[in-house]
Amino acid sequence: YVSDLIRARQTAEEANRFWQVPVEVRPELREISFGDLEGLSDEEIAVRFAGFLQEQKKMDRDIPYPGGECGKDVVDRALPVFQELSSFQLTSMRRSPQVAVVTHGGVIRCMTAHMLGMDLARWRALGSCLENCGITEFYYHEDTKKFTVERFNDYAHLEAYPSLLRSNW
């Protein structure tokens, strides 16, 4: 299952060279909308949206990006997909007890905060910047209908390729 944004689709295509499973594009998995900040440099954002950035740093309210989304907006659109994927029907050929979701850092952090029961105002406290192709693993407990976080932003599989890590950009 993959976001409809091109960078996620390209990642899913590469991973699927090994998995060789059907890929389903789900727009609900796209990155958080940064609204009016999209396409601007960090310097432009710092000047034009200084007040917003100061409020956001406080992490006391789940405020939307100007013209964009907040954490709750992301959870509201992505959670139904996660719930759908976790309601396994073992008799169905379409369902598997393991699924891969290729999505984006904002979605991963918002969904992780939600699954941990955190206030969504604090989703940005879960790593300032996740590694591309890092693995976050959730386990769904069918008896309680709850998720646990098994791994978060695990990128050990990339350490042999330091040029791919953000620290080397």
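The rules behind the values
- Residues numbered from 1 in each chain as written.
- Predicted model: local features only at pLDDT ≥ 70, side-chain atom pairs only at ≥ 80, totals over all residues.
- Heavy atoms only, no water.
- Buried < 20%, exposed > 50% of the residue type's maximum accessible area, 1.4 Å probe, protein only.
- Helix = DSSP H or I, 4+ residues; strand = E, 2+ residues; numbered from the N terminus.
- Contact = heavy atoms within 4.5 Å.
- Pairing = 2+ DSSP bridges.
- Disulfide = S-S within 2.5 Å.
- Salt bridge = Lys/Arg side-chain N within 4 Å of Asp/Glu carboxyl O.

The next point concerns helix H5 (residues 105-115). In terms of burial, H5 is largely enclosed, as 9 of its 11 residues are buried. Looking only at H5, the buried set comprises Gly106, Val107, Ile108, Arg109, Cys110, Met111, Thr112, Ala113 and Met115. Considering only its buried residues, H5 is in contact with helix H4 (71-86), strand S1 (135-141) and strand S2 (146-154). Downstream of H5 by one or two residues, Gly117 has phi in the positive range, about 75°.

Moving on, we come to the pairing of S1. In this structure, S1 lies alongside S2, joined through 6 bridges in antiparallel fashion. Each residue of the ladder has a partner; that of Phe138, found in S2, is Val149. Connecting the antiparallel pair S1 and S2 is a turn made up of 4 residues, with Lys145 showing a positive phi of about 60°.

A few words on unusual backbone geometry. For Met59, which is not a glycine, the phi torsion comes out positive at approximately 55°. Mapped onto the fold, Met59 is located in the loop between helix H3 (50-58) and H4.

Let us look at the environment of Thr112. As for its position among the elements, Thr112 is in helix H5. With a relative accessible area of 1%, Thr112 lands in the buried category. Taking the C-alpha atoms as reference, Thr112 lies 14 Å from Pro80; in sequence the two are 32 residues apart. For Thr112, the residues in contact, after removing those within four places along its chain, are Leu126, Thr136, Phe138, Val149 and Phe152.

Right, let's talk about the environment of Ser163 for a bit. With respect to the secondary-structure elements, Ser163 resides in the segment after S2. On the basis of relative accessible area, Ser163 is assigned to the exposed category, the value being 58%. Considered as a pair, Ser163 and Asp73 are 90 residues apart in the sequence and their alpha carbons are 34 Å apart.

By the definition in use, this model includes 0 disulfides. Free cysteine: Cys110, not disulfide-bonded; nearest cysteine sulfur from Cys70 at 8.2 Å. Lacking any disulfide linkage, Cys133 is separated from the closest cysteine sulfur, that of Cys129, by 13 Å. A residue is classified by how much of its surface remains accessible, and Cys133, at 43% relative accessible area, is partly exposed.

On to the pattern of salt bridges. With the rule as written, the count across this model stands at 11 salt bridges. Residue Arg17 pairs with Glu14 through a salt bridge whose shortest N-O separation is 2.6 Å. Here the residue Arg17 and the residue Glu14 both occupy positions in helix H1 (residues 6-19), the gap between them amounting to 3 residues, near one helical turn. When its relative accessible area of 44% is taken as the criterion, Glu14 is described as partly exposed. Linking Glu24 and Arg26 is a salt bridge whose minimum nitrogen-to-oxygen distance equals 3.2 Å. For Arg26, a relative accessible area of 10% corresponds to the buried category. In this structure, a network of salt bridges that share partners links the residues Glu24, Arg26, Glu28 and Glu84.

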